[in-house]
2 protein chains.
Amino acid sequence: MDFEKIRARLDKLVAEGRKGELRGALSMLNEVDIAEYMEELDNEKMLMVFRLLPKDIAADVFSYMDADQRQRVIEAMDDNEAVRLVDDMFIDDAVDFLEELPAGVVKRVLKGCDAQKRALINQFLRYPENSAGSIMTIEYMELHVGTTVGEAMAEIRRTGLDKETIYTLYVLDAQRKLLGTVALRKLLLAKDDVKVETLMNQQFVCVHTTDDQEMVADAVRKYDLISIPVVDHEERMIGIITIDDIVDVIEEENTEDFEKMAAMLPSEDEYLKTNVLTLAKNRMPWLLFLMISAIFTGMIITHYEDALKTNAFGVVLTACIPMLMGAGGNCGSQASTLTIRGLALGEVEIKDIFKLLWKEVRVGLIVGAVLSVVTFVLYTFVLGDMEMTLAQRVPIALTIAAAVYITVIVAKAIGCTLPLLAKAVHLDPALMASPLITTIVDICSLLVLFAVASELLPV
Amino acid sequence: MDFEKIRARLDKLVAEGRKGELRGALSMLNEVDIAEYMEELDNEKMLMVFRLLPKDIAADVFSYMDADQRQRVIEAMDDNEAVRLVDDMFIDDAVDFLEELPAGVVKRVLKGCDAQKRALINQFLRYPENSAGSIMTIEYMELHVGTTVGEAMAEIRRTGLDKETIYTLYVLDAQRKLLGTVALRKLLLAKDDVKVETLMNQQFVCVHTTDDQEMVADAVRKYDLISIPVVDHEERMIGIITIDDIVDVIEEENTEDFEKMAAMLPSEDEYLKTNVLTLAKNRMPWLLFLMISAIFTGMIITHYEDALKTNAFGVVLTACIPMLMGAGGNCGSQASTLTIRGLALGEVEIKDIFKLLWKEVRVGLIVGAVLSVVTFVLYTFVLGDMEMTLAQRVPIALTIAAAVYITVIVAKAIGCTLPLLAKAVHLDPALMASPLITTIVDICSLLVLFAVASELLPV
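A.B. asks: Describe in detail the overall build of chain A, supporting the description with residues and values.
C.D. replies: Counting secondary structure elements, chain A contains 21 helices and six strands. Rg of the C-alpha trace for chain A: 31 Å, well past the compact-globule value of 23 Å for 459 residues, more than 25% over. Taking the principal axes of the C-alpha coordinates as reference, chain A spans close to 90 × 60 × 40 Å. For chain A, the residues scored as buried account for 56% of the 459 residues in total. Contacts in chain A between residues at least 24 apart in sequence constitute 67% of all its contacts with a sequence separation of at least 6. As displayed, chain A offers around 19700 Å² of accessible surface, 57% of which is attributable to carbon and sulfur atoms. Of the charged side chains in chain A, 44 are positive and 70 negative; the average position of the first set lies 3 Å away from that of the second.

As structure tokens, this is what we get:
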């Protein structure tokens with residue numbers, strides 16, 4: 001499908017206001033693409049297009065818009081239109097959307113909804129942010145113990161159209177406690193007079209309304225589910241979360257990890273749509289903290305001031321500091337990244353700490369050996385101060401090579417243990433990533449360098 | 001569910017060889033948990049447990065095992081057992097598994113399969129790695145134009161049990177060209193004599209067998225699909241990819257990005273299961289390249305050797321280098337991380353380069369202002385060489401603060417443009433992450449520092 005061509009054609013129809021044809025053209029497109037197309041229109045045109053969409057398509061298109069665009073649509077609408085829109089949305093999409101609106105608008109929209117929907121939305125708005133409750137939907141198919149397959153199929157035909165998924169059905173007892181799940185395929189393949197409870201799977205996985213969405217995503221990923229039931233603390237069925245929302249959660253959590261690992265406060269907004277001041281605010285705390293730490297690192301150099309000034313090797317040692325810090329920082333980041341990622345995917349646990357440490361130290365021994373040999377050769381034959389004799393250059397090159405070797409091993413060890421320790425004290429392991437590790441390793445590498453130098457070089 | 005307790009109970013049954021009870025206990029568990037439990041058993045016990053599982057459950061459990069564990073199982077089996085196992089697996093799982101085996105074993109196993117299955121598996125094994133073809137399954141439900149809803153439902157009841165999903169059905173013409181998709185819910189809600197083509201959605205999204213799995217994941221995420229059809233280059237339907245496999249692809253691609261962004265060659269194996277030599281090999285190329293670059297960075301310092309030695313401010317300037325490099329590196333990583341992530345999620349495109357640059361420069365102006373004011377105050381009143389007079393300390397502090405300001409802005413600009421330029425020349429933007437950016441920014445920050453110093457400080 002050539003999207004550019006379609007866009008050009010739509011633009012023409014919009015510009016000329018040919019509404020009938022435009023409605024026809026739009027009906028050929030996927031809701032996601034319609035939302036994307038509308039994003040680039042001005043308010044007036046966007047609203048014209050939006051009003052041409054059939055009611056149910058409009059609600060879907062709306063749920064695919066981003067926050068800005070929704071705000072534009074809603075501001076241009078009158079209250080009745082807004083209420084009708086909310087009425088046509090699945091409850092999770094409606095709540096998502098209402099959470100972004102100013103309180104005054106929410107009140108007006110809710111006043112227009114029927115009492116039942118209003119009560120539900122209010123309940124949803126109370127779940128903590130990023131909890132299972134806040135992302136679930138209540139449009140699931142429930143069956144009661146004793147229902148036959150025939151009755152269940154009739155029920156699905158009667159009410160299934162309004163459900164977010166009918167492919168998994170939930171069997172409840174009289175107290176609404178969840179007893180098991182039945183896949184629609186099992187119902188289809190069974191005889192009409194069979195009771196649903198004989199088909200149900202009792203080894204289902206469920207989550208609680210207050211569980212964090214990350215935990216929900218882990219369960220869905222681990223057990224290859226397409227939806228997961230949400231229960232309250234009395235194990236009563238409250239809602240379900242479907243995998244399309246879980247995919248969004250996974251990407252959101254990954255983005256958060258990427259941001260934290262690059263020393264930023266995580267943000268839920270798209271980068272291009274976040275304003276400059278917010279971006280600056282998210283980046284400032286860590287930058288300040290790391291900068292002040294680095295100033296103190298620099299003081300180590302000041303401490304060795306006299307040695308560096310009077311010693312003939314001072315300049316060579318100073319000049320190798322960026323390389324040493326870089327190598328240490330990179331080695332540490334590699335180890336910490338793999339550990340953080342392993343923790344996020346559930347492949348690594350806190351109890352693996354010694355296994356990891358042993359692994360990283362061995363990797364460090366190999367990597368360190370190669371790097372230090374290269375360093376030694378370079379500083380002896382290529383980069384050394386060629387006014388010095390070979391006998392003078394070798395101890396300097398040896399000092400730097402030894403410092404590299406020790407730094408690499410120390411960096412690997414720090415890199416893999418800090419994320420695990422963070423996890424152990426219930427901090428986010430993603431905080432122990434490149435920037436912080438680099439700063440800590442910087443200090444270590446300077447201390448190692450000066451310690452080795454004072455052993456190997458004549459002062 | 002208390003997994004520790006269950007594990008202890010299973011251990012007891014296994015140790016005492018109480019097979020009947022063990023079979024009963026296992027039937028209470030999810031396949032994923034069974035695979036996880038079996039991982040910690042020795043070969044003999046593992047095989048005993050595996051042989052107790054019903055045929056279809058065994059195939060599922062097997063598909064949830066990791067490579068090592070599968071290898072252990074298959075080595076302990078005779079060929080007949082292996083063939084039966086492959087026969088019971090969905091084709092995508094079977095191919096996945098066969099790809100990991102030594103060629104000799106694959107041949108033996110394939111020889112035992114029936115001719116049709118063998119032909120299929122051979123075809124699958126030829127798709128390029130990480131292509132849509134290599135992760136698809138052919139167990140989908142197809143319908144032909146002209147079929148009625150009643151006939152379709154009968155067909156589903158007849159063959160649906162062997163399909164990976166029956167919730168989306170694919171309507172083909174006589175040449176097997178894909179015409180549209182029908183959701184099972186639509187069939188359920190329609191009358192028996194309606195033709196399926198009247199219910200089908202023609203705005204479906206599909207991918208080609210040779211498309212990269214990352215592209216497939218993007219499409220599934222964008223359009224909130226639970227399965228996506230795969231067609232060949234004549235638009236003939238070949239297979240489908242289901243969302244549970246897409247979730248794995250998403251996590252795999254994210255892990256690859258994390259690894260590349262920490263200067264490692266990406267690996268598809270779990271960290272704890274990769275051997276030390278492979279880990280070292282994956283980390284070495286970038287470390288070497290970055291180290292050698294950093295050595296040249298150090299030569300900038302050597303170049304200003306005389307100024308640093310004779311100038312009274314030399315040591316203060318040297319001591320501020322780690323801080324300046326750190327701040328620049330972190331600022332650059334922040335910008336590059338957001339850009340790389342935006343590109344991966346499709347939120348940022350190459351054409352946004354000036355929008356991004358303008359945004360990052362403004363962020364840099366704000367962040368740089370705060371950092372340089374803090375630097376100025378610290379170096380003037382706290383960290384300066386207190387033997388100097390205030391009049392001597394102010395120009396040094398001013399030099400360092402100005403260098404910080406300029407470095408921050410340059411770093412932001414480099415950080416956001418390099419990933420976009422990489423993308424433009426078809427390199428992976430994730431390579432332009434923290435380690436490389438840091439190295440480039442290191443050079444810039446030193447040049448800035450010495451340039452500012454030669455302007456502001458008496459030589």
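A.B. asks: Summarise helix 4 (residues 43-52) of chain B; cite the residues concerned and give the values.
C.D. replies: Those residues of helix 4 of chain B not exposed but buried are B:Met46, B:Leu47, B:Met48, B:Val49, B:Phe50 and B:Leu52. In the core, the buried residues of helix 4 of chain B are packed alongside helix 1 (3-15), helix 2 (19-26), helix 3 (31-39), helix 5 (55-64), helix 6 (67-76) and helix 7 (79-88) of chain B.

A.B. asks: Kindly report on the relation of the copies chain A and chain B, identifying the contributing residues and their values.
C.D. replies: The two copies are related by a screw motion: chain A maps onto chain B through a turn of 180° and a shift of 0.1 Å along the axis, at an RMSD of 0.1 Å. The superposition of one copy onto the other is thereby described by a two-fold rotation axis. A symmetric contact is evident, with 100% of the interface residues of chain A recurring at the interface of chain B.

A.B. asks: Could you give an account of the nonpolar core, with specific residues and numbers?
C.D. replies: Here is a general trend for soluble globular proteins: nonpolar side chains tend to be buried in one another's company. Counting 134 residues, the largest nonpolar core has A:Met38, A:Phe50 and B:Phe50 as the members making the most contacts within it. Excluding anything up to four places from it in sequence, A:Met38 contacts A:Met46, A:Val49, A:Phe50, A:Val61, A:Met65 and A:Gln69.

A.B. asks: So, the interface of chain A and chain B: which residues are in play, and what are the values?
C.D. replies: Facing 107 residues of chain A, the contacting portion of chain B comprises 107 residues. Between chain A and chain B, a total of about 10300 Å² is buried, with carbon and sulfur atoms accounting for 70% of that surface. By the criterion of area lost to chain B, the three top residues of chain A are A:Arg185, A:Phe258 and A:Tyr271, representing 8% of everything that side buries. Connecting chain A to chain B are 10 salt bridges.

A.B. asks: Now, about the pairing of strand 1 (residues 141-144) of chain B: what can you tell me, with residues and values included?
C.D. replies: Residues in a regular strand project their side chains so that they alternate between the two faces of the sheet. Residues and elements named next belong to chain B. The alternating pattern of strand 1 places Met-141 and Leu-143 on a buried face, while none of Glu-142 and His-144, on the opposite face, is buried. Pairing of strand 1 with strand 2 (residues 168-172), which is carried by four bridges, proceeds in the parallel orientation. Counted as the bridge partner of Leu-143 is Val-171 from strand 2. The β-α-β motif built from strand 1, the intervening helix 12 (residues 149-159) and the parallel element strand 2 has right-handed crossover chirality.

A.B. asks: An account of the side chain of A:Asn254 is requested, with residue identities and associated values reported.
C.D. replies: Tracing the backbone shows A:Asn254 in helix 15 (residues 243-261). Within polar-contact distance, the side chain of A:Asn254 engages the side chain of B:Glu251 at 3.3 Å. Residues in contact with A:Asn254, not counting those within four places in the same chain, are A:Arg341, B:Glu251, B:Asn254, B:Phe258 and B:Arg341.

A.B. asks: Outline the sheet that holds strand 5 (residues 227-231) of chain B, listing residues and values.
C.D. replies: Residue and element names in this part refer to chain B. Strand order in the open sheet formed by three strands is 4-5-6, and the pairing between neighbours is mixed. Of all the strands in the sheet, the pair left with one neighbour each is strand 4 (207-208) and strand 6 (237-242). Relative to strand 5, strand 4 is paired through two bridges, and the arrangement is parallel. By the bridge assignment for strand 5, His-208 is matched with Val-231.

A.B. asks: Could you give an account of the confidence of the model for chain A, naming the residues involved and the relevant values?
C.D. replies: Do not read the fine detail of predicted coordinates wherever pLDDT is low. Residues at a pLDDT of 70 or more form 97% of chain A, whose mean pLDDT is 85. Scoring of the predicted complex yields 0.79 for pTM and 0.78 for ipTM.

A.B. asks: Help me get a handle on helix 8 (residues 91-98) of chain A, residues and values and all.
C.D. replies: When you tally the buried positions in helix 8 of chain A, you get seven out of eight residues, the bulk of the element. Taken together, the buried positions of helix 8 of chain A are A:Ile91, A:Asp92, A:Asp93, A:Ala94, A:Val95, A:Phe97 and A:Leu98.

A.B. asks: Account for the pairing of strand 3 (residues 178-183) of chain A, with residues named and values stated.
C.D. replies: Residues and elements named next belong to chain A. The pairing of strand 2 (residues 165-172) with strand 3 spans five bridges and is antiparallel. Note on strand 3: the bridge partner recorded for Thr-168 is Ala-183. Hairpin connection between strand 2 and strand 3: a loop of five residues separates the two successive antiparallel strands, and Arg-176 in this loop has a positive phi of roughly 65°.

A.B. asks: I'd love a proper account of the sheet that holds strand 2 of chain B, names of residues and values included.
C.D. replies: Residues and elements named next belong to chain B. Here we have three strands laid out as an open sheet, ordered 1-2-3, and mixed in their pairing. The open sheet has two edge strands with one neighbour each: strand 1 and strand 3 (178-183). Strand after strand, the sheet turns through a mean of 35° between neighbouring axes, direction not considered. Pairing geometry for strand 2 and strand 3, over five bridges, is antiparallel.

A.B. asks: Just give me the short version of the packing of helix 16 (residues 276-303) of chain A against helix 18 (residues 314-344) of chain B, but keep the residues and values in it.
C.D. replies: The N-to-C vectors of helix 16 of chain A and helix 18 of chain B enclose an angle of 155°; their axes lie 8 Å apart at closest approach. Between helix 16 of chain A and helix 18 of chain B, the angle falls in the class roughly antiparallel. For the pair helix 16 of chain A and helix 18 of chain B, the crossing hand works out as right-handed. Packed against helix 16 of chain A, whose contacting residues are A:Leu279, A:Arg283, A:Leu287, A:Leu290, A:Met291, A:Ala294, A:Ile295, A:Thr297, A:Gly298, A:Ile301 and A:Thr302, the element helix 18 of chain B presents B:Val315, B:Thr318, B:Ala319, B:Pro322, B:Met323, B:Ala327, B:Asn330, B:Cys331, B:Gln334, B:Ala335 and B:Leu338 at the interface. In terms of residue class, the contact of helix 16 of chain A with helix 18 of chain B is built from 15 nonpolar, six polar and one charged.

A.B. asks: So what's going on with the packing of aromatic side chains? Residues and values would help.
C.D. replies: Residue and element names in this part refer to chain A. Per the counting criterion, the structure on display carries 10 aromatic pairs over all chains. Taking the centre distance of 4.0 Å and the plane angle of 15° together, the rings of Tyr-304 and Phe-450 count as stacked. Of the two residues, Tyr-304 is situated in the loop between helix 16 and helix 17 (305-310) and Phe-450 in helix 21 (residues 434-456); the sequence distance between them amounts to 146 residues. For Tyr-304, a relative accessible area of 26% puts it in the partly exposed group. Its relative accessible area of 6% is what places Phe-450 among the buried residues. The ring of Phe-62 has Arg-70 lying over it, and the distance from NZ or CZ to the ring centre is 5.8 Å.

A.B. asks: Just give me the short version of the packing of helix 4 (residues 43-52) of chain A against helix 6 (residues 67-76) of chain A, but keep the residues and values in it.
C.D. replies: All names here are of chain A. At a minimum axis distance of 10 Å, the contact between helix 4 and helix 6 shows a crossing angle of 80°. In terms of their interaxial angle, helix 4 and helix 6 are classed as roughly perpendicular. Taken together, the residues of helix 6 that come into contact with helix 4 (itself represented by Asn-43, Met-46, Leu-47, Phe-50 and Arg-51) are Gln-69, Arg-72, Val-73 and Ala-76. Its residues placed into classes, the contact of helix 4 with helix 6 shows five nonpolar, two polar and two charged.

A.B. asks: Could you give an account of the side chain of B:Ser63, naming the residues involved and the relevant values?
C.D. replies: All names here are of chain B. Structurally, the position occupied by Ser-63 is in helix 5. Looking at Ser-63, the relative accessible area reads 17%, which means it is buried. Residues in contact with Ser-63, not counting those within four places in the same chain, are Arg-70 and Asp-93.

A.B. asks: Summarise a nonpolar patch on the surface; cite the residues concerned and give the values.
C.D. replies: All names here are of chain A. On the surface, a cluster of nonpolar side chains totalling about 460 Å² of accessible area is made up of Val-373, Val-377, Phe-381, Val-382 and Leu-390. When residues of the nonpolar patch are assigned to their parent elements, the largest contribution, four residues, is made by helix 19 (residues 353-382). Relative to the helices and strands, Val-373 resides in helix 19.

A.B. asks: Kindly report on the environment of A:Ala307, identifying the contributing residues and their values.
C.D. replies: Topologically, A:Ala307 is positioned in helix 17. In this structure the C-alpha to C-alpha distance between A:Ala307 and A:Phe450, which are 143 residues apart in sequence, comes to 9.6 Å.

A.B. asks: So what's going on with the pattern of salt bridges? Residues and values would help.
C.D. replies: Using the criterion set out here, one finds 41 salt bridges over all chains in the structure. In this structure, A:Glu21 and A:Arg18 form a salt bridge, with 2.9 Å as the shortest nitrogen-oxygen distance. The closest approach of N and O atoms between B:Lys355 and B:Asp352, which form a salt bridge, is 3.6 Å. For B:Asp352, a relative accessible area of 6% translates into the label buried. Through salt bridges with shared partners, one network takes in A:Lys12, A:Glu16, A:Arg18 and A:Glu21.

A.B. asks: Which residues make up the state of the cysteines, and what values go with them?
C.D. replies: Counted by the stated rule, this structure contains zero disulfides over all chains. In this model A:Cys331 remains outside any disulfide bridge; the closest cysteine sulfur is found in A:Cys416, 12 Å from its own.

Criteria and cut-off values
- Residues numbered from 1 in each chain as written.
- Chains lettered and ligands numbered in written order.
- Predicted model: local features only at pLDDT ≥ 70, side-chain atom pairs only at ≥ 80, totals over all residues.
- Heavy atoms only, no water.
- Helix = DSSP H or I, 4+ residues; strand = E, 2+ residues; numbered from the N terminus.
- Rg over C-alpha atoms; globule rule 2.2 N^0.38 Å.
- Buried < 20%, exposed > 50% of the residue type's maximum accessible area, 1.4 Å probe, protein only.
- Contact = heavy atoms within 4.5 Å.
- Areas by Shrake-Rupley, 256 points an atom, 1.4 Å probe, with all protein chains shown as cover.
- Lys, Arg positive; Asp, Glu negative; His and termini not counted.
- Charge placed at Lys NZ, Arg CZ, Asp CG, Glu CD.
- Least-squares fit on C-alpha atoms with pLDDT ≥ 70 in both.
- Core = buried A, V, L, I, M, F, W, Y, C linked by side-chain atoms within 4.5 Å.
- Buried area = accessible area lost by both parts, 1.4 Å probe.
- Salt bridge = Lys/Arg side-chain N within 4 Å of Asp/Glu carboxyl O.
- Pairing = 2+ DSSP bridges.
- Right-handed = clockwise from strand over helix to strand, strands pointing away.
- Polar contact = N/O pair within 3.5 Å; in protein donor to acceptor, adjacent residues only side chain to side chain.
- pLDDT = per-residue confidence, 0-100.
- Axes fitted to C-alpha atoms, helices over the stretch in contact; angles between N-to-C directions.
- Parallel < 35°, antiparallel > 145°, perpendicular 65-115°, else oblique.
- Left-handed = near helix turned anticlockwise from the far one by under 90°.
- Nonpolar A, V, L, I, M, F, W, Y, C, P; charged D, E, K, R; others polar.
- Phe/Tyr/Trp six-rings, centres within 6.5 Å; stacked < 30°, edge-to-face > 60°.
- Lys NZ or Arg CZ within 6 Å of the ring centre and 35° of its normal.
- Patch = residues over 30% accessible without salt bridge, like charges linked within 9 Å, V, L, I, M, F, W, Y side chains within 5 Å.
- Disulfide = S-S within 2.5 Å.

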